[in-house]
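Given next are the chains, with one letter for each unit.
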Amino acid sequence: AAVALVACVALADGFSLAADLSSIKVAIFGGGSFGTAMAAVLGRKGVEAVLIVRRDEVVSSINERHKNPYYQSDLLLPPSVRATRDAAEAFADADFIFHAVPVQASRGALQQAAPLIAPHTPVISLAKGIETSSLCLMSDLLPQCLGTERQYAFLSGPSFAAEIVSPQPPFVCV
């Protein structure tokens, strides 16, 4: 329930909790369009979000200019959003992990990251679609790679990254 609540708080414009959201730390695994959009939404709510990206120039651009040069490049990221290439550092103190790696690359990325993720850390999947090699959905793939004992939530629905960051509420299901 807590995992779904965090996902809902992230997406609900104007929704707030009595708790101070700035005490929540999230790691966003994947710095593409959807990962960058979710970082912006969470950052606007005061959540400390760390985007895990693959390129040094993306880390520099996000940390110095608050922009992802390749994805959502017109979007100014809040100061509470930063980037790193060091997944271990990002996962170490994350209260939640948002998985934003495309489905077709998810299995390999998750298998590499699995030893770095604490077993109690909930994972919220932003990836949509079916892994073509296995016909697995993310709801199958994540437990296969990260274990069945952790909490998971899955964002789904006909939404795009641009809709997530717009002022209009997106249509998604958790």
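In the block above lies the structure referred to throughout.
Analysis parameters
Residues numbered from 1 in each chain as written. Predicted model: local features only at pLDDT ≥ 70, side-chain atom pairs only at ≥ 80, totals over all residues. Heavy atoms only, no water. Helix = DSSP H or I, 4+ residues; strand = E, 2+ residues; numbered from the N terminus. Buried < 20%, exposed > 50% of the residue type's maximum accessible area, 1.4 Å probe, protein only. Core = buried A, V, L, I, M, F, W, Y, C linked by side-chain atoms within 4.5 Å. Contact = heavy atoms within 4.5 Å. Disulfide = S-S within 2.5 Å. Axes fitted to C-alpha atoms, helices over the stretch in contact; angles between N-to-C directions. Parallel < 35°, antiparallel > 145°, perpendicular 65-115°, else oblique. Left-handed = near helix turned anticlockwise from the far one by under 90°. Nonpolar A, V, L, I, M, F, W, Y, C, P; charged D, E, K, R; others polar. Polar contact = N/O pair within 3.5 Å; in protein donor to acceptor, adjacent residues only side chain to side chain. Salt bridge = Lys/Arg side-chain N within 4 Å of Asp/Glu carboxyl O.

A. Examining the environment of Arg-44 more closely. Here Arg-44 lies in helix α2 (residues 33-44). Look at Arg-44 and you get partly exposed, because its relative accessible area is 49%. A C-alpha to C-alpha distance of 6.2 Å links Arg-44 and Pro-78, two positions 34 residues apart in sequence.

B. Main features of the nonpolar core. Among the nonpolar cores identified, the biggest contains 27 residues, and Val-26, Ile-28, Leu-51 and Phe-98 are the most heavily contacted of them. Among the elements that take part in this core, α2 stands out by supplying five residues, more than any other. Setting aside anything within four residues of it in sequence, one finds Leu-51 in contact with Ile-28, Gly-30, Gly-31, Gly-35, Thr-36, Ala-39, Ile-62, Val-81, Arg-82, Ala-83 and Thr-84. Formed by 24 residues, the second largest nonpolar core is a distinct cluster that contains Val-123, Ala-127, Met-138 and Leu-141.

C. Representation of the state of the cysteines within the structure. Under the criterion given, the structure shown has zero disulfides. The thiol of Cys-145 is not disulfide-bonded; the next cysteine sulfur, from Cys-136, is found 8.7 Å away. Judged by relative accessible area, Cys-145 falls into the buried class, the value being 12%.

D. Structural detail: the packing of helix α5 (residues 103-113) against helix α6 (residues 138-146). The geometry of α5 relative to α6 is characterised by a closest axis approach of 9 Å and an angle of 15° between their N-to-C directions. Of the possible angle classes, the one that applies to α5 and α6 is roughly parallel. The handedness of the crossing between α5 and α6 comes out as right-handed. Here Val-103, Ser-106, Arg-107, Leu-110 and Gln-111 of α5 lie close against α6, whose contacting residues are Met-138, Leu-141, Leu-142, Gln-144, Cys-145 and Leu-146. Here the contact of α5 with α6 is built from residues that sort into seven nonpolar, three polar and one charged.

E. Representation of the side chain of Ser-125 within the structure. Tracing the backbone through its elements, the reader meets Ser-125 in strand β5 (residues 123-125). There is a polar contact of 3.4 Å between the side chain of Ser-125 and the backbone nitrogen of Ala-127. Non-local contacts of Ser-125, meaning those with residues more than four positions away in its chain, are made with His-99, Met-138, Leu-142, Ala-153, Phe-154 and Leu-155.

F. A look at unusual backbone geometry. For His-66, which is not glycine, the phi dihedral falls at a positive 60°. Structurally, His-66 can be placed in the loop between α3 (56-65) and β3 (81-84). For Gln-72, which is not glycine, the phi torsion reads 55° and is therefore positive. Take Gln-72: its relative accessible area is 16%, and that puts it in the buried class.

G. Summary view of the pattern of salt bridges. In the structure shown here, the tally under the stated rule is four salt bridges. Where Arg-82 meets Glu-89, a salt bridge forms, and the shortest distance between an N and an O atom there is 2.6 Å. By relative accessible area, Glu-89 is classed as partly exposed at 31%. For Glu-131, the salt bridge goes to Arg-107, with nearest N and O atoms at 2.8 Å. Here Glu-131 is found in strand β6 (residues 130-131), whereas its partner Arg-107 is found in helix α5, with 24 residues between them in sequence.

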